[in-house]
Structure formats: structure tokens, C-alpha cells
Amino acid sequence: MPSMTMKTRDAAAATPATAMATTTTATPVAAHAPCPGLWGGTNTLLESVWWTAVARPDTPAFRSFGTPAMSYSELWDLSGVIADAIAGVRDDRLPVIVLGAKSATTVAAFLACLRSGHAYVPVDVSTPASRIEDVASQLSCGNAEGRLPLMVVTAPDAPAVTGAVTVDVSSCRVSPRLEDAGGPGGTAAGPSAPLLSDAERLGWVWGDETQYVIFTSGSTGKPKGIEVSAEDVGNFAAWMDAFPVVREGSKTFIDQACYSFDLSVYELVGALTTGGCLYALSVDAARDYARLFEELADSDAHVWVSTPPFADLCLADKAFSRELLPHLGLFLFCGDTLRHRTADALLRRFSGARVANTYGPTESTVAVTYCEIDERTLSSDAALPVGVARPGTELRVLRTDGPDGPLGEPCATGETGEIVIVGDTVAKGYFNDSAKTAFAFGEAMLADGRRVRSFRTGDLGHLDEDGMLHYEGRMGSLVKVNGFRVELGDVENHLASLDGIKVAVVVPIIRKGRVSLLRAFVVLDHATPRQADTPQAIRERLGRRIPSYMVPRSVRVIDHMPLTANAKIDRKLLMVS
């Protein structure tokens, strides 16, 4: 069977994605495609988009402020045009860089890569050319022939990049459907209807083939690529399909994170596998409060996906409330620490909405845990839990001497150790880096007997008696100050729990190669500082809660936390400020 499949795929490689099908799959009638997969073993994301394009072709798939919505049928057609452009210059199955901004064309390019048999590598248009060239160089070294990678450009203002074969699709458009011209497939004057041939479907990225490669910051200064398979994404989609609000289908998702940040997979997969719509926030919205709130109101979103710091940014304005987003039913957080104040404010301002905390590194396909924060959870001073494991995932907390040391025995309930994820959404490994892959990834068996991949996260945490995971920070955030071991996340949690403090970050100050002192940065939850809000008073109050060696020597009160492009707190900037 595998050899037969590969033979069919070879034959399909030259088949244009928009070609008329001789054998087609019947039109579906359900609200959205069932997960995982119509046919099993193919590609859940593509199947779902195609399903909606046929069943409800005019359903909006992508919206942004001030531009016409793109429907599912238009998105499918555009992805077919781009897939043909890719097939015209590449006959291999190597990863393809997609360089662009948040746009319908970028999303279509992701689908086009998958339809033409290529993993996509999302790179934001704001990325410096030198870093893009570094990614291109790694992709080139990652194939036996050393071929230059293909780069699909979806933005007209993309930087000029060397080291890649470029195909510019920023001006690609599709014509309106001609239902009465030449039957359901249309004519040369317009796009074909989304009929699906077996030849094309068997040419898709599928199974354990890589669906996307996301490059994140590496410890050596070079970005490292994380390979996530089509099967990983399909299993993740099946889990998301059971989320409150999401499971109803046809919901609008706030699309805030740039596509090179894996948090964006939450909304891409969540929306497009359930017949929902992406509402992309513009770059201008990140800089202009008035524009941000205008776009949020225009979105009429049902599902919010972001890091907690981005929600804090919005909560600074009292207009961020139920009146602004009357139909918002679910807040999904990942990528940074969710604080009590943030969750409490959201529950008060958005009555009836659910606030969900989730956890997972890029290496485990976005997230693997889920829990809803309620009044009972908020009544505890302890850091908010990050949830219980999704079906198909087991969390194991193991003893270890450090991030580079061997893993030991399982920890007891409540005992802190390194979090190891075992499950069917764990990524394949690091692109073209067998040494790092061998260290961090492995193979393990689930309780049901399935053999799956495992990943040691480098995160500290513990499981309680209910199997709830409590995240305690990165192992790298465990520092030594004057001989004492200090977990920065522990200090931050205690700081943030002090009256009057909205957000707190603690960073180590390095001098002559060692941690000289700890410095805290805090944002107050009120405009006029009180006597208790002076740096010395904050240190004194904190000293009543934790040992003196853990109290930062320096405290700075600032107006707001600087954020990275991925809406995470910019700790590096704070360290050098």
C-alpha cells in the first residue's frame, strides 16, 4: 500500500491543483468538516477548507478592517492558483518559505504549499533580510542536493532576499465564479469549482510529512526550525473541535499573532477546520489604540486568541468590555503567564465569557492543556494552573539536575520537576539538527499502548492530585544569586500578588559573566502612586512573603511592559534598560 500511494503521488505531482477532476468527491452537507479528516490519513486542514468551500461557498474565511471579506470558495480558488505557480517551478517536496503579512493571500499560500506537496515556512514581512537569508540557508543545507529553497512572496513591500528562488504572488487574484459558463468547473475565463480529484488529494502533504516549519530563536543566536507534521495538526484540530464556542462552528476568531509565531496556529486551525472566519488585526492596530478598538468592534469576534500581555494592553482601556465585543464567548490564552488580575478583569467585563488557560511549546503543536479559570480558581493566591492534558497526550514530570542533565525518576504529586510531553501532537524534531533532536525528542508509549513521540520541555512544573499542571517557569529562569538558587517565576508571582501591582517581571543582571543582582519591573494598576508603591516599599512588602535572598535588589515602576512582535513581554529589552 505505501508504494502504491507514493506511485500515485508521483503521478499527481504534475497535476495542476485547479484542473478539472475526472473523479471527484461528492458535495458535503454538514455544517463543517468532521475532524479528523474525511478520508483518514490525508490533510485535515485542506479537507476542511475544501468542505466548506463546496458546502457553503460564500461563507467568509478571512476578514480585515476596510477590505472585502474573502469567502471559502475564493480562498480555495486562490490557493489553487498559487499551488499551480509553485508546481510550475518545483517538482520536489521540499519546504517552501511564505514571506508575507497577515492577509488572505498569505493564508492561501499556506494552503497552496500543502496542496502542492510542500511544508510551508511562515516568515513575517517585518523580519530583517539577514534573518530570512539565515532561514533560507538552513533550508538549503537541509536537502541532499543543496537546492535553493523556494520563497513565495505574498506582500508587495517584502524585503529583497538572496539565497532563495522567489515567486511573487502578491498580485494574484481570482475571478468571480461562472456557475452558468461551462458547468460546475467554469471556463478559462474563471476559476474551476472546488471539485477534488483523487490525483490532487494524494499529492497533498499528509500523515507524518511535515506540514509547517516554524523558526524560533535558538540559544546559539541562529533560529531553529521546528517540524510539525500533518498528523500532529490533524490531532490538534480534533481536540480544538471540542472546545466550547469553537465546537458550534462558523465562529469568528481574532487573528492577532503574526503567522511566524505558533500561537497563530490556534486561530488558523480553529477557524478554518470549523467553517469559521479569521479576523486579522492590522500592524497599525498594535500602535494605535483608537485603530485597535475600531478593528475589534468591526470584528464582532466570538473567540479571542492572544498572549495574556496583549489582553492586559486592551484592559488598560475601560472600553474593552462586553459592549465592544457583544458576542465574545471564549478567551484562549497561551504563550505567557496568565495572572489573576487579568483573568478576574476579563470575567467581570465580559459576563458569561469563558477564560481558558492553556500550555504548550511550539514543539507540541501550540498547546496540550486546557482549563477554565473561574471564581474558585481565582480565590487562591497560587499561580493559576495551566490545565489538564488533552486526549492523546500524557504529561510526565521527572526529576532532573538541570536543563542539560539526564532525566530521572517521576516526581511525586506536587513535586517540582521537568515537564515532559508524551503524545500524538509532539513535533518531529528540529529541522536538519539531529543532535538537538536526539537530546530533546524521543519515543514513548501512551497508556493505551500507542507509540508516540516525547519532548522534554525545559520547563519546570508539578502535577496536583487531579492531574492539573502547574507551570513554574523555564529551567533557564532558575538562577543563582550569591550562591542561592532563585526561580524568577516564583518571585514574579509573589510580586504580582501584592496590592496595587498589575504586572511584574524579574530579570537577572549579568556582570562579568555572573548574575550580580535581580531587578524587578512593575506596572501599577492605578494612575496615582501611593506611599506603598515606592520601590523601597514594594521591596519591604515582598520581603514579608519570600526569603530576603529572593527579593530583587532593584525595583523600577514603569508605565507599561515593552512587548515583542509576538506580544510577549520583551525581557531582553528590560535586561539592558
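Everything below is about the structure shown above.
Residues numbered from 1 in each chain as written. Predicted model: local features only at pLDDT ≥ 70, side-chain atom pairs only at ≥ 80, totals over all residues. Heavy atoms only, no water.

Vacant regions in the atomic arrangement are exposed by a probe of water-molecule size rolled over the atoms. Enumeration according to the criterion identifies 6 cavities of 30 Å³ or more in this entry. There is about 90 Å³ of room inside the largest cavity. Contributing to the lining of the largest cavity are Leu 45, Val 107, Phe 110, Leu 111, Tyr 120, Gln 211, Tyr 212, Val 233, Val 265, Leu 268, Val 269 and Leu 272. When contributions to the lining of the largest cavity are tallied by element, the ones reaching two or more residues are α4 (104-115), β7 (210-216) and α8 (264-272). Element by element, the count of residues in the lining of the largest cavity is highest for α8, at 4 residues. Among the residues making up the lining of the largest cavity, the classes are represented as 11 nonpolar, 1 polar and no charged. (1 Å grid on protein atoms, 1.4 Å probe; cavity = no way out; pocket = protein on both sides within 12 Å on 5 of 7 lines; lining within 4 Å. Points joined across faces, edges and corners; volume = space filled by probe spheres on them. Helix = DSSP H or I, 4+ residues; strand = E, 2+ residues; numbered from the N terminus. Nonpolar A, V, L, I, M, F, W, Y, C, P; charged D, E, K, R; others polar.)

What follows is about the packing of aromatic side chains. Under the defined criterion, the tally for this structure stands at 19 aromatic pairs. Measuring from ring centre to ring centre gives 4.9 Å for Phe 243 and Tyr 370, while their planes differ by 50 degrees; the resulting arrangement is tilted. Placement of the pair is Phe 243 in the loop between α7 (230-240) and β9 (252-255) and Tyr 370 in strand β14 (residues 369-372), with a sequence separation of 127 residues. Here Phe 243 falls in the buried class, since its relative accessible area comes to 4%. Put simply, the rings of Tyr 289, Phe 293, Trp 304, Phe 310, Phe 320, Phe 331, Phe 333 and Phe 350 touch in pairs and so form one group of aromatic residues. The positively charged end of Arg 115 is found above the aromatic ring belonging to Trp 76, 3.8 Å away from the centroid. (Phe/Tyr/Trp six-rings, centres within 6.5 Å; stacked < 30°, edge-to-face > 60°. Buried < 20%, exposed > 50% of the residue type's maximum accessible area, 1.4 Å probe, protein only. Lys NZ or Arg CZ within 6 Å of the ring centre and 35° of its normal.)

Moving on to the side chain of Thr 393. Mapped onto the secondary structure, Thr 393 falls in strand β16 (residues 393-400). Within the local environment of Thr 393, its side chain forms a polar contact with the side chain of Arg 390, the two groups lying 2.9 Å apart. In this view, Thr 393 contacts Val 368, Ile 421, Val 422, Gly 423 and Thr 425; residues no more than four positions away in its chain are not counted. (Polar contact = N/O pair within 3.5 Å; in protein donor to acceptor, adjacent residues only side chain to side chain. Contact = heavy atoms within 4.5 Å.)

Further remarks concern the pairing of strand β4 (residues 120-124). Most of β4 is tucked away, with 5 of its 5 residues classed as buried. Alternating residues of β4 divide into Tyr 120, Pro 122 and Asp 124 and Val 121 and Val 123, and every residue in both groups is buried. Between strand β3 (residues 96-100) and its parallel partner β4, the chain crosses via α4, and the hand of that crossover is right-handed. (Right-handed = clockwise from strand over helix to strand, strands pointing away.)

So, on to the environment of Ile 214. Along the chain, Ile 214 falls in strand β7. On the basis of relative accessibility, which here comes to 2%, the residue Ile 214 falls in the buried class. A sequence separation of 12 residues divides Ile 214 from Ile 226, and the C-alpha atoms of the two residues are 5.3 Å apart. Apart from the residues lying within four places of it in its own chain, the contact partners of Ile 214 are Pro 122, Lys 224, Gly 225, Ile 226, Tyr 259, Ser 260, Phe 261, Asp 262 and Thr 362.

For the rest of this paragraph, the subject is the environment of Asn 482. In this structure, Asn 482 sits in the loop between β23 (478-481) and β24 (484-487). With 35 residues separating them along the chain, Asn 482 and Leu 517 place their C-alpha atoms 8.5 Å apart.

A few words on the nonpolar core. What tends to happen in soluble globular proteins is that the nonpolar side chains get buried as a cluster. Counting 86 residues, the largest nonpolar core has Leu 75, Ile 82, Tyr 266, Leu 272 and Leu 332 as its most contacted members. Beyond its immediate chain neighbours, meaning those up to four positions away, Tyr 266 contacts Phe 236, Trp 239, Met 240, Phe 243, Phe 253, Val 305, Leu 332, Cys 334, Thr 358, Val 366 and Ala 367. One finds Leu 292, Ala 301, Cys 314 and Leu 346 within the second-largest nonpolar core, a separate group that totals 32 residues. (Core = buried A, V, L, I, M, F, W, Y, C linked by side-chain atoms within 4.5 Å.)

So, about the pairing of strand β17 (residues 407-410). Each regular strand displays side chains that alternate between the two surfaces of the sheet. Two strands pair when backbone bridges link them, and β16 and β17 are joined in this way by 2 bridges, in the antiparallel orientation. For Thr 400, the partnering residue across the bridge sits in β17 and is Leu 407. Between β16 and β17, which pair antiparallel and follow one another directly, the connecting turn spans 6 residues. (Pairing = 2+ DSSP bridges.)

With 7 of 8 residues buried, helix α10 (residues 308-315) lies mostly within the body of the structure. Buried positions along α10 lie against α9 (289-299), β11 (303-306), β12 (330-333), α11 (340-349) and β25 (501-511).

What follows concerns a nonpolar patch on the surface. A surface patch of nonpolar side chains, about 360 Å² in accessible area, is lined by Ile 510, Leu 573, Met 575 and Val 576. With respect to the element layout, Ile 510 can be found in strand β25. (Patch = residues over 30% accessible without salt bridge, like charges linked within 9 Å, V, L, I, M, F, W, Y side chains within 5 Å. Areas by Shrake-Rupley, 256 points an atom, 1.4 Å probe, with all protein chains shown as cover. Salt bridge = Lys/Arg side-chain N within 4 Å of Asp/Glu carboxyl O.)

Okay, the packing of α7 against α8 next. Two numbers describe how α7 lies on α8: the axes approach to 10 Å, and their chain directions differ by 75 degrees. Taken together, the axes of α7 and α8 are roughly perpendicular relative to one another. Here Val 233, Phe 236, Ala 237, Trp 239 and Met 240 of α7 lie close against α8, whose contacting residues are Val 265, Tyr 266, Val 269 and Gly 270. (Axes fitted to C-alpha atoms, helices over the stretch in contact; angles between N-to-C directions. Parallel < 35°, antiparallel > 145°, perpendicular 65-115°, else oblique.)

Applying the stated criterion across every chain, the model contains 30 salt bridges. In this structure, the salt-bridge partner of Arg 90 is Asp 92, at a minimum N-O distance of 3.6 Å. Asp 92 matches Arg 90 in its accessibility class, with the two residues each being buried. Taking the shortest distance from any N to any O, the salt bridge between Arg 530 and Asp 533 comes out at 3.2 Å. What you see here is one network of salt bridges that share partners, running through Arg 90, Asp 91, Asp 92 and Arg 147.

For the pair helix α2 (residues 44-55) and helix α3 (residues 72-87), the least separation of the axes is 8 Å and the interaxial angle reads 125 degrees. Our classification of the angle between α2 and α3 gives oblique. Handedness of the α2/α3 crossing: left-handed. When α2 is examined against α3, the residues Leu 46, Val 49, Trp 50, Thr 52 and Ala 53 are found in contact with a partner set consisting of Tyr 72, Ser 73, Leu 75 and Trp 76. A per-class count over the contact of α2 with α3 returns 7 nonpolar, 2 polar and no charged. (Left-handed = near helix turned anticlockwise from the far one by under 90°.)

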